[in-house]
Amino acid sequence: MERIQRSPITGAITLVALVFLFVPLIVVVLFSFHETSGLSFPFQGFSLRWYRDVVGSPQIREVGRNSLIVAVATAAVTLVLGTFAAYGLSRASGRWRGPLTLLFFLPLTLPGLFIGLSLLVFFNLVNDQVVDFKLSLTSVAIAHFVYVLPYFLLIAIAALDRLDVALEEAAADLGATSWTVFRKVTLPQIWPVLLGATSLAFALSFDEFIITFFVIGPQSTVPMFIWSSLRRTVNPTINTISTLLLVTTLVMFTIAFVLTLRGSHRHGEDADILSDAIGGTQ
Amino acid sequence: MSSEATPRVRLESVTHRFGDVTALDDVSLEVHDGEFITLLGPSGCGKTTLLRIVAGFERPTEGRVLLGGVDVTKTPPYRRPANMVFQRPTLFPHLDVFENVAFGLRIAKVPRQDIRTRVRESLALVRLDGYEDRKNHELSGGQMQRVALARALVNRPQVLLLDEPLSALDLKIRLEMEAELRRVHRETGATFVYVTHDQREALALSDRIVVFNEGGVEQVGAPGIVYRRPATPFVARFVGNSNVLAVDVEPSAEGHRVRLGDLAVTVRADGVDEGPAWLVLRPEGIRLALAPMGDLVAQGGEGVRGVVLDHAFRGTGHSYRIEVSGLDDPLKCEMGGRDPFELGDPVEVSWDPDACVLLPRIADEPGS
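About the thresholds
- Residues numbered from 1 in each chain as written.
- Chains lettered and ligands numbered in written order.
- Predicted model: local features only at pLDDT ≥ 70, side-chain atom pairs only at ≥ 80, totals over all residues.
- Heavy atoms only, no water.
- Helix = DSSP H or I, 4+ residues; strand = E, 2+ residues; numbered from the N terminus.
- Buried < 20%, exposed > 50% of the residue type's maximum accessible area, 1.4 Å probe, protein only.
- Contact = heavy atoms within 4.5 Å.
- Areas by Shrake-Rupley, 256 points an atom, 1.4 Å probe, with all protein chains shown as cover.
- Phe/Tyr/Trp six-rings, centres within 6.5 Å; stacked < 30°, edge-to-face > 60°.
- Polar contact = N/O pair within 3.5 Å; in protein donor to acceptor, adjacent residues only side chain to side chain.
- Buried area = accessible area lost by both parts, 1.4 Å probe.
- Salt bridge = Lys/Arg side-chain N within 4 Å of Asp/Glu carboxyl O.
- Nonpolar A, V, L, I, M, F, W, Y, C, P; charged D, E, K, R; others polar.

1. Section: the overall build of chain A
Next up, step 1: A tally of regular secondary structure across chain A gives twelve helices and zero strands.
Next up, step 2: Of the regular secondary structure in chain A, the N- to C-terminal order runs α-α-α-α-α-α-α-α-α-α-α-α.
Next up, step 3: Looking at chain A as a whole, 43% of its 282 residues are labelled buried.
Next up, step 4: Partitioning the intrachain contacts of chain A with sequence separation of at least 6 by distance along the chain shows that 70% fall at a separation of at least 24.
Next up, step 5: For chain A, the computed accessible surface area is about 15500 Å², with 69% contributed by carbon and sulfur atoms.

2. A short note on the packing of aromatic side chains
Next up, step 1: Counted by the stated rule, this structure contains 16 aromatic pairs over all chains.
Next up, step 2: Taken together, a centroid distance of 5.9 Å and an interplanar angle of 25° make the contact between A:Trp179 and A:Phe182 stacked. Remark: A:Phe182 and A:Trp179 occur in helix α8 (residues 178-206); sequence separation between them is three residues, near one turn of the helix.
Next up, step 3: Taking relative accessible area as the criterion, A:Phe182 reaches 5% and is therefore assigned buried.
Next up, step 4: For the ring pair B:Phe234 and B:Phe238, a centre distance of 5.5 Å and an interplane angle of 10° mean the geometry is stacked. Residue B:Phe234 and its partner B:Phe238 are located together in helix α8 (residues 233-240), separated by four residues, close to a single helical turn. Both residues of the pair, B:Phe234 and B:Phe238, belong to the buried class.

3. A short note on the side chain of A:Thr186
Residue and element names in this part refer to chain A.
Next up, step 1: As for its position among the elements, Thr-186 is in helix α8.
Next up, step 2: Residue classification places Thr-186 among the buried positions, given a relative accessible area of 0%.
Next up, step 3: In this structure, Thr-186 is in contact with Tyr-87, Leu-160, Leu-163, Glu-168 and Val-181, ignoring residues within four places of it in sequence.

4. Observations regarding helix α7 (residues 165-173) of chain A
Next up, step 1: Here α7(A) lies mainly inside the structure; eight of its nine residues are buried.
Next up, step 2: Three or more residues of α7(A) are buried, namely A:Ala166, A:Leu167, A:Glu168, A:Glu169, A:Ala170, A:Ala171, A:Ala172 and A:Asp173.
Next up, step 3: Along its buried surface, α7(A) packs onto α3 (58-91) and α8 of chain A together with α1 (47-55), β6 (82-85), α2 (97-107) and α4 (141-153) of chain B.
Next up, step 4: The opening residue of α7(A) is A:Asp164, an N-cap whose side-chain oxygen sits 3.0 Å from the backbone nitrogen of A:Ala166.
Next up, step 5: One or two residues past the end of α7(A) sits A:Gly175, with phi positive at roughly 105°.

5. Let's talk about the interface of chain A and chain B
When the parts come together, some accessible area is lost, and that loss is often what is quoted as the size of the interface.
Next up, step 1: Contact with chain A, which involves 18 residues of that partner, is made by 21 residues of chain B.
Next up, step 2: When chain A packs against chain B, close to 1700 Å² is buried across both sides, 65% of that on carbon and sulfur atoms.
Next up, step 3: For the chain A face of the interface with chain B, the top three residues by lost area are A:Glu169, A:Asp173 and A:Leu174, together amounting to 40%.
Next up, step 4: Taken together, chain A and chain B are joined by two salt bridges.
Next up, step 5: Along the contact surface separating chain A from chain B lie six residue pairs in polar contact (both at pLDDT 80 or more).
Next up, step 6: For the side of chain A that touches chain B, the elements supplying multiple residues, two or more each, are α7 and α8 of chain A.
Next up, step 7: Sorting elements by how many residues they give to the side of chain A that touches chain B places α7(A) first, with seven residues.
Next up, step 8: The residue inventory of the side of chain A that touches chain B, partitioned by class, reads nine nonpolar, five polar and four charged.

Below, the structure written as structure tokens:
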């Protein structure tokens, strides 16, 4: 019998898709090392001059610091609140668990545009009628928290659901109060996964644009800075900043994957929690 | 033991419902100091629920739980002087053997030096000296359950609760662990409440057995009593794997004359003098002899005739199912001997009159 022939069209389409995915990316990275300020081929040699420019620019250093502050704040708040929320949800009993979890995951399905707009309206409402609250990095961090929490919860709840509840009963039986059980039995088993989910929260926040666009104050973040620079002129430093942004995000995603994978392998399971959690939403 | 002594565990009219399902119906029980008591029953009979109520994981819908005379019905598990060994080994995966055993002592803030001594003693008790630094994945299933046993006993609980701790183990390890449990019970003098669905395990381990069925207690007694003198047809079937036959009893000079379908046989058994009854026949009390071909129905004598329907070699003997005309179900029979009967062999069935028990029966009560 002859083997079923794969259509050559399938291969061609795959190739085209890969080209569309990666060529723009490669071009940006490549031109961040360009010796001249030209943004077109032929390529005229490597240089780190744009990187020196970026590092030396006080303005770019400031937006970099702003992005870092927002991402760290978002990640930290998500880690603390998200862990408790995930623990509460995964140990909640029957009737309330489903609807509550759904509520927490709902932002995943909302367009960023809608989240940004509604948060802007909400912040203005608070500012007008409750307390003085001007748009700032704080409002950006709060908005990012709303945006990244569901991702964190997906991973954390998946990890918590895989834990053996009998272990927690055993600890309670040995005299541990629920807080001690959480500290001495639950947390030590899932901390790598939680740190992985926190890295993901950091990465999502660091390059977030749409929501930030609505709730940003007078200060700027890296994605905002790139966008506003592009409106004026296409400058090679944009490639450099974009490349730095890409690298930071990639590193954080890698950390997230490695930690969540290791977290699940520690307990002798093959599937990784991250893909499990993300697969579960589709 | 004096009857005035405070029982280690006292359950007063415990009823437990999950929604519409009654898992336990008005169960009262006393467990004495140092006793090895087993809650035995098929799955879903409520025995594990009862154990979880004693441990504090479930709060009974009605009734009271007392440990050492103190009402703990509303006490959370972490403040009860009871410790549990679970069905699966629930060792903390991030801790080594020493820290697993030390877990309860650390929470109770026992001084460091005492923790060392007590953990060592406890591991020695379950014969795992030198295993302190091992991790979970370096232990076999049997060793894990021994660590779990040490982890519970190190806290010197008033009562040790064991929820089918051997059910996940291989037969060979299970038999070894049974011997270990008996030894640990002897050496510690602790009170053990043990849950199992395995009647062999219950008979082998316990001072007393509590037989459960459908949320209620069928019988409480020493293994020998429960086995030889079942109080109900359920106990006879579940514990002794006995034949339970619906009969009618007529008084007679030599014992009880029992009408068994078309047959009339004499048994020596008390319990029911006249009227409808259950005749319990333990399988090992039945003897078979090769019968000449002919009528399968005995002619009113003591002997009952049947045909071998099924045969299984058990190593120590043989078990048979014998079809007897006039009986709805085949008779279960266990015998020693080298030469087994073959399928289809006509046999003469007789039994040790002492292997019979008569239990009261309401006329028209269904057989099972």
